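These are the residues of each chain, in order.
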Amino acid sequence: MRKVYHKINRIAGNVITVEADGVAYNELAEVTGARGTSLAQVIRLQDNQVSLQVFAGSRGISTGDQVRFLGRPMEISGSDDLLGRVFNGRGAPRDQRPEVTDNLIEIGGPSVNPSKRILPRNMIRTGIPMIDIFNTLVESQKLPIFSIAGEPYNQLLARIALQAEVDVIILGGMGLKYDDYLYLRNTLEEHGALSRSVLFIHTAADPVVECLMVPDMSLAVAEAYALQGKRVLVLLTDMTNFADALKEIAITMEQIPANRGYPGDLYSQLASRYEKAVDFDGAGSITILAVTTMPGDDVTHPVPDNTGYITEGQFYLRHGRIEPFGSLSRLKQQVNGKTRKDHRAIMDSMIRLYADYRSALEKQSMGFQMSAWDKKLLKYGKLFEERMMDLSVNIALEPALDLAWQTLAECFEPSEVGIKTDLVREFWPKKTEQE
Amino acid sequence: MLDGNTGTVVGVNGNMLTVEFSAKVTQNEVAFAVVGEERLKCEVIRVRGNRADLQSYESTNGLKIGDAVEFTGELLSVELGPGLLTQVFDGLQNPLPQLGERSGFFLKRGVYLNALDRERKWAFTPLAKVGDQVRPGDRIGYVPEGIFKHYIMVPLTWRGNWELTALKPAGDYTVDEVIAVASNERGESANLTMVQRWPVKIPITDYAEKLLPESTLVTCQRIIDTFFPVAVGGTFCTPGPFGAGKTVLQHAISQYAEADVVIVAACGERAGEVVEILREFPHLQDPRTGKTLIDRSIIICNTSSMPVAAREASVYTAVTLAEYYRQMGLNALLLADSTSRWAQALREMSGRLEEIPGEEAFPAYLESLIASFYERAGLVRLRSGELGSVTIGGAVSPAGGNFEEPVTQATLKVVGCFLGLSRERSDARRFPSIHPLDSWSKYRGVAPEESVAFARSVLRQGAEVNQMMKVIGEDGTALPDFVVYLKSEFLDYVYLQQNTFDPVDGATDAERQRYVFARVVEVLGTEFDFADRDAARRYFLELRQLFIDWNYLPFQNEDFKRQEQAINAKIEECKRYA
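We now turn to the structure provided with this report. (Residues numbered from 1 in each chain as written. Chains lettered and ligands numbered in written order. Predicted model: local features only at pLDDT ≥ 70, side-chain atom pairs only at ≥ 80, totals over all residues.)

**Focus: the overall build of chain B**
- Scanning chain B for helices and strands turns up 14 helices and 26 strands.
- Taking all 578 residues of chain B together, the buried fraction comes to 50%.
- Excluding contacts between residues fewer than 6 apart, the proportion of contacts in chain B whose partners are at least 24 apart in sequence is 68%. (Helix = DSSP H or I, 4+ residues; strand = E, 2+ residues; numbered from the N terminus. Buried ≥ 20, exposed ≤ 12 C-beta atoms within 10 Å, placed from the backbone. Contact = placed C-beta atoms within 7 Å.)

**Points about unusual backbone geometry**
- The omega angle of the peptide bond from T237(A) to D238(A) is 5 degrees, so this bond is cis rather than trans.
- If you trace the backbone, D238(A) turns up in the loop between strand 16 (231-237) and helix 6 (239-252).
- In this model, D337(B) is joined to S338(B) through a cis peptide bond whose omega is 5 degrees.
- On the secondary structure map, S338(B) appears in the loop between strand 22 (331-337) and helix 6 (339-352).
- The residue Q93(B) is not glycine, and still its phi comes out positive at about 70 degrees.

**As for the nonpolar core**
Residue and element names in this part refer to chain B.
- Among the nonpolar cores identified, the biggest contains 300 residues, and I263, A265 and L334 are the most heavily contacted of them.
- Sorting elements by how many residues they give to this core places helix 5 (residues 308-326) first, with twelve residues.
- Leaving out residues up to four positions away in the same chain, A265 has contacts with I300, S314, V315, A318, L334, L335 and A336. (Core = buried A, V, L, I, M, F, W, Y, C linked by C-beta atoms within 7 Å.)

**Topic: the pairing of strand 15 (residues 197-203) of chain A**
All names here are of chain A.
- Within strand 15, seven of the seven residues are buried, which leaves the element mostly enclosed by the surrounding structure.
- A two-sided burial pattern is seen for strand 15, the buried positions comprising S197, L199, I201 and T203 on one face and V198, F200 and H202 on the other.
- As paired elements, strand 9 (residues 85-88) and strand 15 share four bridges and run parallel to each other. Paired with N88 across the two strands is I201, which belongs to strand 15.
- Bridging between strand 14 (residues 168-176) and strand 15 involves six bridges; their strand directions are parallel. Counterpart to I170 in the pairing with strand 15 is V198.
- Once the chain exits strand 14 it traverses helix 3 (residues 178-190) before rejoining the sheet at strand 15, and the crossover so formed is right-handed. (Pairing = 2+ DSSP bridges. Right-handed = clockwise from strand over helix to strand, strands pointing away.)

**Examining the interface of chain B and chain A**
- With 50 residues of chain B in contact, the opposing surface of chain A contributes 45 residues.
- With seven residues, helix 4 (residues 271-280) of chain B is the single largest residue contributor to the side of chain B that touches chain A.
- Split into classes, the residues belonging to the side of chain B that touches chain A amount to 22 nonpolar, 18 polar and ten charged.
- Across two bridges, strand 5 (residues 36-46) of chain A lies against strand 1 (residues 6-13) of chain B in antiparallel orientation. (Nonpolar A, V, L, I, M, F, W, Y, C, P; charged D, E, K, R; others polar.)

Right, here's the structure in full:
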């Protein structure tokens, strides 16, 4: 029987301090009071003063409440029974079905030994030309979607999840609006993907502290599956809410803030999650796609800024489209040389021409005279946006490349696109040439 | 190694422990916190009364109040000896592949391994003889390592004069075998092996004098060697926002730089990037020696998800290894990516210590720490008369890409060369994205200074014309101005930009740089006659293509010469004759 402590002598924010001994750093406790029982986690030890963050929040906690330490850190089951299930931010079922308690693993485990990683080598096909052609997603990549409130980032996540050829999908929702949660769950269900998914959902209505556990639980489960040789895709939305929860706790603990109130270890905190993306030498892989909403559409805000330094590229989602400029997949070189030999050439030349289109557009709006070349560019830019950038377009890589050639041929002469002659000879559509 | 000095944990806050002790405690000494079976390495960073604050190099999960802490009395040290090259270490010098063999996929905490292989035998040749008077740092013999002689030195931590009383003959020995015995006038006797230890945070200063770095450290990157050169024994920094190509540039330098030993310190960055080095370096050939790149490299890898305090240690571990090889009369190059992560580790610790914060919550001592780190670089004359050097290049990752932040500013104060990477240039796919107008270097480059100054003036004028054109449009720009702009673009495309991924264009040696740069400067200085702006643009596009193709041809082969003739003909085409 574990000892129960009563002497809570500080309650501030979501953190309480209790007098106790024999407590281990990071261990869990149960706080029981008039409002029921809540989990809590040890975040600081100082002599006999133990500070805990209370998952359900400190509202209604009295100085006489009972604190019982559980003698174990936060754990989650890594078993296959998790598939098709929905849990909340404490790891408790959200779907009125029984708890899963076999094969428990500790969350927030140690980092992977870099010498046990292999170079990423498999493309993940999404059917979205802006990704497949221009910024190829690669297995084991960690990639954020930089966006702003109101953009269809959850729709994009759902689409990628459904089309990607992976064994398991893990969705970690942080501060999700309830209807976003329902949308994501229903979409997975409709497409028959729920049976290979695990959902950890913290909604905006849930206590803030519970948000902090979501990435760690999602990634611990992902790791368990990946070690069995499975290819796992982890979707995290929205990491800015996670960072804000970190900020809240840090301020409560009177840590000195580094930048706009965020704690100095924000980079390390984010990195320890994102770096779980891995391709194991001799086991499966973890790919992470995360949504980071940029407050004020400002990429220099600490959350997107630190994220950009950690992740392997980023997708900018703006006006419902993936931006061709700024979006980047650092790993695309690992795979796009092996898809089709015109892939890289199409990728470079279409973006270059689109950049020219943008400056032609600017010239037009300033009232400068449009040359014949400018007119060609204007036609091209419009087609490019319709056929490549529109998110409703859903075609595989090879037809997308053919469509790219088609588009070029409709707008330009072969010598104008800046592609090597032998590729043009092989791929330039014959029909349009005759017209 | 224990002197029986123990304490007890009285506080845990993140990776900081507060420990109550009774005996003597030394600032920066190593201690071990005992959690069950595991012993977690820590370092004393502050002492107040009978309590010491320790930063833990491992996760502190599971530690309890009252847990024992064993003080070792030794400062954080690394092992120095043959067998360091080709290795991959974490920030505390644990060999990662061996850790992987032992603990599997994950870095289990509390596991510490010897940095050097204890089984391997080295062919030792003595240089000294019994009866010789020796001082710390004196060479008593050598073993072959890679392409050079690895000198076995009297441990640098010894003090005073010693006399060799025994010395093993030439033969194969492991690093732990006693190869010599020495005694001093105080009557003390000590054993010498091939491995010695040195505290990482203290510079090795066993040399006759520090010299002014003069010769260029050729990196085979044209914009660096010609415009913003790095000196052998100098320092440089590469700040840039994310996505500007810092890592690609560091990789290129680590591959092509003309140094004897290259130490790559991946400090708080992505693991994937280190994996590229780990998997590629063993297969890439070092053009200078014909061996593989890994044969001259040591990789210190403390990526962003590995413990933060060890990240701070990793840059010191790396520079200590560089200094050690310098003592053998070699040129060592240290590339640290990124020093901002190291500074952030300091900030995290400073926050936990509740120190009064400086700008952006960085500690007030940040500047002096950065300065003393870069000061460990230098060209020195050893006591043997040989020259050795440590060159340090640090990547900086400023928040929001803004160079006004404390780490960039503190770094700029102490380095000799600033290679500022710009988002603008990387967005335009102009790589390496080193900004040609903002960057600077205090060192001497491979090309004649007056040509470089002239080329720079063309770049500056071209940028001015470009600015003007944005306001008044191309139509309003006079033809001579427009030609200046085209010339600056020409210089940018054919000389400043370089394709790292091409085997020929990716590495331009000093001789070729001088040769090609002379031709480029010739074009810049030539007066041309053009009918109109369109003709000028077309001409420069064609000339540019000729030069770019030229860059991809091996130096002085037949194609190269043929291409040069085509270029000559092209220049003649529109040259103005007075």
